[in-house]
Amino acid sequence: MEFELMIITFYIASIVAVVSTLMVITRKNAVHALLYLIVSLLSVSIIFFILGAPFMAALEVIIYAGAIMVLFIFVIMMLNLGSEAARMENQLLNPKMWIVPVILTLILIIEFIIVLIKINGQEYNSVIISPKQVGISLFGTYLLGVELAAMLLLAGIVGAYHLGKEKKKILHRYLAETEPDLRVKGKSE
């Protein structure tokens, strides 16, 4: 009975992950894509939990669905799209925009609660992995991958900064102030 529940939960979380990831790819609005990406990451964390990696599930929620999404939102804010962004933000207040993400998130929450209720009284076979072991693995065996991911994030931040930076016309401070004055003085003398 418990095994069948885990399989059903796994498939539901997988379907939610695939659907929300497709929604991320097909959305034109970056904020909507980020909402779907958060739902996708939450469903992947449920899959990790089901597969016996509760620490990885917690890291998925804390690091990806939390910290990385905040970073993406800051990048979007740095781009400062102006009046177009204000118009799109007004669309966020439309309840129709929130229906699909809310439904997918409710499916994940209900699924997670059912799994926790069924597992609560029973022994769960999971191996406890300490954060030290994760750190040794990440910065030992997978060091190149971690460094590449860090460089990619750094390149994204620098690129977003340069895209969002306003190009201001720089005038010499004396030229801007004295040029109109010279014209006025030349006419009066």
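Residues numbered from 1 in each chain as written. Predicted model: local features only at pLDDT ≥ 70, side-chain atom pairs only at ≥ 80, totals over all residues. Heavy atoms only, no water.

This paragraph deals with the UniProt feature "transmembrane region" (unreviewed entry) in the protein. According to UniProt, the feature "transmembrane region" (unreviewed entry) maps to residues 6-26, 33-55, 61-79, 99-119 and 139-163 in the numbering used here. Across residues 6-26, helical content stands at 100% and strand content at 0%; the span's end C-alpha atoms are separated by 30 Å. Counting secondary structure, residues 33-55 comes out at 87% helix and 0% strand; the distance between its end C-alpha atoms is 26 Å. (UniProt positions renumbered as here; feature names shortened; annotations may be inferred. Helix = DSSP H or I, 4+ residues; strand = E, 2+ residues; numbered from the N terminus.)

Turning next to the side chain of Glu60. Locating Glu60 in the fold gives a position in helix H3 (residues 54-79). No salt bridge is formed by the buried Glu60; the nearest opposite charge belongs to Arg27, separated by 19 Å. Setting aside its immediate chain neighbours within four residues, Glu60 contacts Leu41, Val44, Ser45, Phe48 and Ala65. (Buried < 20%, exposed > 50% of the residue type's maximum accessible area, 1.4 Å probe, protein only. Lys, Arg positive; Asp, Glu negative; His and termini not counted. Salt bridge = Lys/Arg side-chain N within 4 Å of Asp/Glu carboxyl O. Contact = heavy atoms within 4.5 Å.)

The geometry of helix H1 (residues 2-26) relative to helix H2 (residues 30-50) is characterised by a closest axis approach of 8 Å and an angle of 160° between their N-to-C directions. When the axis of H1 is compared with that of H2, the two are roughly antiparallel. By crossing handedness, the relation of H1 to H2 is classed as left-handed. Listed contacts from H2 to Met6, Thr9, Phe10, Ala13, Ser14, Val16, Ala17, Ser20, Thr21, Met23 and Val24 of H1 are Ala33, Tyr36, Leu37, Val39, Ser40, Ser43, Val44, Ile46, Ile47 and Ile50. Partitioned by chemical class, the residues of the contact of H1 with H2 number 15 nonpolar, 6 polar and no charged. (Axes fitted to C-alpha atoms, helices over the stretch in contact; angles between N-to-C directions. Parallel < 35°, antiparallel > 145°, perpendicular 65-115°, else oblique. Left-handed = near helix turned anticlockwise from the far one by under 90°. Nonpolar A, V, L, I, M, F, W, Y, C, P; charged D, E, K, R; others polar.)

It should be kept in mind that the predicted coordinates are not to be read in detail where pLDDT is low. For the protein, the mean per-residue pLDDT works out to 77, and 76% of the residues sit at or above 70. Across residues 177-184, where pLDDT falls below 50, the model places 2 contacts with residues more than four positions away in sequence or in other chains. (pLDDT = per-residue confidence, 0-100.)

So, on to the environment of Leu163. Mapping Leu163 onto the fold places it in helix H7 (residues 143-164). Residue Leu163 is classed as exposed on the basis of its relative accessible area, which comes to 69%. Residues Leu163 and Met78 lie 85 residues apart in sequence; the distance between their C-alpha atoms is 8.4 Å.

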